[in-house]
Amino acid sequence: MSIELMIDGLVEKGFAVLPQFLDQHEVNVLAKVMQERKNLFHQAGVGRKEGRAVREKIRGDEICWIEPTDPLAATALAQLAEVKHALNAHLYLGLDELECHFATYPVGRFYKRHLDQHRGEDTRVVTIVLYLNPEWQENDGGELRLYLEKEQFMDIAPLGGSLVVFLSNQFEHEVLVSKRERLSLTGWFRRRPI
Ligand SMILES: O=C(O)CCC(=O)C(=O)O
Ligand SMILES: [Fe+2]
């Protein structure tokens, strides 16, 4: 993995894509962990606090939160901790913990355009998405569409092992309809509340 390239991308554009951040073996391990925890997943919601609700026309993924000490996710979490250290060392972001969950989009599901940082007191600073689909094909859909300036956008296929990193308050994004079950580990590096 090339942390330098990631830092350059974040400084210049606010986002970076790192293909093969995780090796195929580790991708398979995590995909299997997801499979084994199938009955711990629940339908994801949108909104905050009392307003939080499941709205499948906005967001159709099912999620399962990951504890920082989860032994079966330890390799990936250690690599992500290195990412955090690099971000803090080079960009002085003051990132603290990683809040993360596994997510699965069953066939036909999507997540409409949104921003990850909620208005108000939210401390999510950097979004990371690590894809766990070993054999994703071009026509399987499920791309992450990242909105750039002037309504331009970039589509990123959820290829197994690739990591996408972006500043949470700067990029609206959406997940296009997935034609196959689509797996990922999604997370947010948070800043300590002041
Ligand atoms: O899975 C992805 O590509 C993005 C997921 C996402 O936007 C989210 O969970 O907030
Ligand atoms: Fe998002």
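If you look the protein chain up in an unreviewed UniProt entry, it shows as 2OG-Fe(II) oxygenase from Iodobacter fluviatilis. Checking UniProt for the protein chain, the heading Cofactor (unreviewed entry) contains the comment "L-ascorbate".

**Remarks on the sheet that holds strand S9 (residues 163-167)**
Taken together, the seven strands give an open sheet; going across it, the order is S1-S9-S6-S11-S4-S3-S2, and neighbouring strands pair in antiparallel fashion. The strands lining the two open edges of the sheet, one partner per strand, are strand S1 (15-18) and strand S2 (42-43). With five bridges connecting them, strand S3 (residues 62-66) and strand S4 (residues 95-105) associate as antiparallel partners. Looking across to S4, one finds that Ile 63 is bridged to Ala 103.

**Let's talk about the site of ligand 1**
Around ligand 1, the surrounding shell holds 13 residues, and the nearest of these are His 114, Asp 116, Tyr 131, His 173 and Arg 182. Between ligand 1 and His 114 there is a distance of 3.2 Å, counted from an oxygen atom to a side-chain nitrogen or oxygen. Asp 116 places a side-chain nitrogen or oxygen 3.1 Å from an oxygen atom of ligand 1. Relative to its unbound accessible surface of 300 Å², ligand 1 loses 98% to contact with the protein. Put simply, the parts of the chain that give the shell around ligand 1 at least two residues each are strand S5 (111-114), strand S6 (124-131), strand S10 (173-175) and strand S11 (182-191). Of the residues contributing to the shell around ligand 1, the split by class is seven nonpolar, three polar and three charged.

Here is what the cut-offs are and how they apply
Residues numbered from 1 in each chain as written. Chains lettered and ligands numbered in written order. Predicted model: local features only at pLDDT ≥ 70, side-chain atom pairs only at ≥ 80, totals over all residues. Heavy atoms only, no water. UniProt positions renumbered as here; feature names shortened; annotations may be inferred. Pairing = 2+ DSSP bridges. Helix = DSSP H or I, 4+ residues; strand = E, 2+ residues; numbered from the N terminus. Near = heavy atom within 4 Å. Polar contact = N/O pair within 3.5 Å; in protein donor to acceptor, adjacent residues only side chain to side chain. Areas by Shrake-Rupley, 256 points an atom, 1.4 Å probe, with all protein chains shown as cover. Nonpolar A, V, L, I, M, F, W, Y, C, P; charged D, E, K, R; others polar.

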